[in-house]
Amino acid sequence: MTSRPSYTLLPEAARWRGRTVALYGGSFNPAHKGHRRVARECLKRLEVDAIWFMISPGNPQKADDTMAAFNRRCESVSMMVGHHPRMIVTDVEKRLGTRYSADTITALQRAMPKTRFIWVMGADNLAAFHSWHRWKDIATSLPIAVFDRPGYAVRGLNSRFAKCFAQFRKTPQELKASRSPAWAFVTMPRHPASATQARQLLGKKWLSGFDRKEN
């Protein structure tokens, strides 16, 4: 659960009251064009008011020695997003003191009860979603939009989550108005970029210092 009081979110609560926000959490280690592609398709296909890039202070499922500093990852996302008014880069997980997605969602819904949230993730995460902390709680707390990624569609659609919640699958157009549990698999033009490839290209520059070229 949260280690800090929810009043830290009052500015967001006022701004996003009555709106629908897509939550796109991740390490973004670093951010790349594939992430932006997902965000653009999310705004277009799901008709949400905004998408939040929630940069994780630390991913429980990834080794810290491969993770760049939090500020560097935030800068990476900010550079990728540019000045898009509906793509929001946020440190909300750091402010809340949460590391697990389930705890972040619980805290956000308590602090912002007048805002509707949709969870966004790639098909690569869907394949292993059942290993996430309180994954069934996530699935029943808010609608989930799963975006296709090269090489993961079949595994994702045959995952434990997909089978368990098969009867709750919706079309992307239905998701915004659906009550939980509800999920949709969103196909889109695929982008080959990955954070692993970006780190390999940047080499030690990524962990020790950020070069300012877009990846």
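A quick note: this is a predicted structure, and the numbers were derived from the prediction, not measured.

Colleague: Requested: an account of the sheet that holds strand S4 (residues 116-122), with residues and values cited.
Modeller: Overall, parallel pairing links the 6 strands, which are arranged S3-S2-S1-S4-S5-S6 in an open sheet. The open sheet is flanked by strand S3 (87-90) and strand S6 (183-186), the only strands paired with a single partner. Strand-to-strand twist in this sheet, taken as the mean axis angle between neighbours without regard to direction, amounts to 25°. Bridging between strand S2 (residues 50-55) and S3 involves 4 bridges; their strand directions are parallel. Looking across to S3, one finds that Ile51 is bridged to Met87. Of the strands in this sheet, S2 and S3 are in contact with helix H3 (residues 70-81), which crosses S2 at around 155°.

Colleague: I'd like a description of the pattern of salt bridges, backed by residues and values.
Modeller: One pass over the full model with this rule turns up 6 salt bridges. Among the salt bridges present, the one from Arg95 reaches Glu12, with a minimum N-O distance of 2.4 Å. Taken as a pair, Arg95 in helix H4 (residues 92-96) and Glu12 in helix H1 (residues 10-15) lie far apart in primary sequence, 83 residues in all. A salt bridge links Asp137 to Arg134; its shortest N-O distance comes to 2.8 Å. By relative accessible area, which is 35% here, Asp137 ends up partly exposed.

Colleague: Now, about helix H5 (residues 101-111): what can you tell me, with residues and values included?
Modeller: Of all 11 residues that make up H5, 9 are buried, and the element is covered over most of its length. The complete set of buried residues in H5 reads Ser101, Ala102, Asp103, Thr104, Ile105, Thr106, Ala107, Leu108 and Ala111. As for H5, its buried residues are in contact with H1, strand S1 (20-26), S2, H4, S4 and helix H7 (135-141).

Colleague: Could you give an account of the nonpolar core, with specific residues and numbers?
Modeller: Among the nonpolar cores identified, the biggest contains 36 residues, and Leu23, Trp52, Leu108, Trp119, Ile144 and Phe161 are the most heavily contacted of them. The dominant element in this core, judged by the number of residues it contributes, is H5, at 5 residues. Excluding residues that lie within four positions of it along the chain, Leu108 makes contacts with Leu9, Leu23, Trp52, Met54, Val92, Leu96 and Phe117. The next biggest cluster of nonpolar side chains, apart from the first, holds 28 residues, and it includes Val38, Leu43, Val77 and Val186.

Colleague: So what's going on with the side chain of Ser178? Which residues, and what values?
Modeller: Inspection of the secondary structure assignment puts Ser178 in the loop between helix H10 (172-175) and S6. You can call Ser178 buried: its relative accessible area is 9%. Polar side-chain contacts of Ser178 include one of 2.6 Å to the backbone oxygen of Glu174. In this structure Ser178 touches Arg116, Pro143 and Lys170, once residues within four positions along its chain are discounted.

Colleague: With reference to specific residues and values, describe the packing of aromatic side chains.
Modeller: Inspection of every chain in the model, using the stated rule, returns 12 aromatic pairs. Between the aromatic rings of Phe129 and Trp135, the centroid separation amounts to 6.1 Å while the plane-to-plane angle is 75°, which identifies the pairing as edge-to-face. Overall, the relative accessible area of 0% leaves Phe129 in the buried class. According to the relative accessible area criterion, Trp135 is buried, its value standing at 8%. Here Phe161 and Trp183 contribute two aromatic rings whose centre-to-centre distance is 5.3 Å and whose plane-to-plane angle is 70°, an arrangement assigned as edge-to-face. Remark: Trp183 occurs in strand S6 and Phe161 occurs in helix H9 (residues 160-164); sequence separation between them is 22 residues. We note that Phe161, like Trp183, is buried.

Colleague: Give me the environment of Trp183: which residues, what numbers.
Modeller: Of the residues examined, Trp183 reaches a relative accessible area of 3% and is grouped as buried. In the structure, Trp183 is positioned 15 residues away from Phe168 in sequence and 6.4 Å away in space, judged by C-alpha atoms. Leave out the neighbours within four places in its chain, and Trp183 touches Ile144, Val146, Leu157, Phe161, Ala162, Phe165, Ala166, Phe168, Arg169, Lys170 and Leu175. In terms of polar contacts, Trp183 uses its side chain to reach the backbone carbonyl oxygen of Phe165, at 2.8 Å.

Colleague: I'd like a description of the pairing of S1, backed by residues and values.
Modeller: Summarising burial for S1: 5 of the 7 residues are buried, a large majority. Examined bridge by bridge, S1 and S4 share 5 bridges and lie parallel to one another. Of the residues in S4, the one forming a bridge with Val21 is Phe117. Where S1 and S2 come together, 6 bridges link them in parallel fashion. Bridge pairing in S2 links Gly26 to Ile55. On the question of chirality, the crossover connecting S1 to the parallel S2 by way of helix H2 (residues 33-45) is right-handed.

Rules of the game
- Residues numbered from 1 in each chain as written.
- Predicted model: local features only at pLDDT ≥ 70, side-chain atom pairs only at ≥ 80, totals over all residues.
- Heavy atoms only, no water.
- Pairing = 2+ DSSP bridges.
- Helix = DSSP H or I, 4+ residues; strand = E, 2+ residues; numbered from the N terminus.
- Axes fitted to C-alpha atoms, helices over the stretch in contact; angles between N-to-C directions.
- Contact = heavy atoms within 4.5 Å.
- Salt bridge = Lys/Arg side-chain N within 4 Å of Asp/Glu carboxyl O.
- Buried < 20%, exposed > 50% of the residue type's maximum accessible area, 1.4 Å probe, protein only.
- Core = buried A, V, L, I, M, F, W, Y, C linked by side-chain atoms within 4.5 Å.
- Polar contact = N/O pair within 3.5 Å; in protein donor to acceptor, adjacent residues only side chain to side chain.
- Phe/Tyr/Trp six-rings, centres within 6.5 Å; stacked < 30°, edge-to-face > 60°.
- Right-handed = clockwise from strand over helix to strand, strands pointing away.

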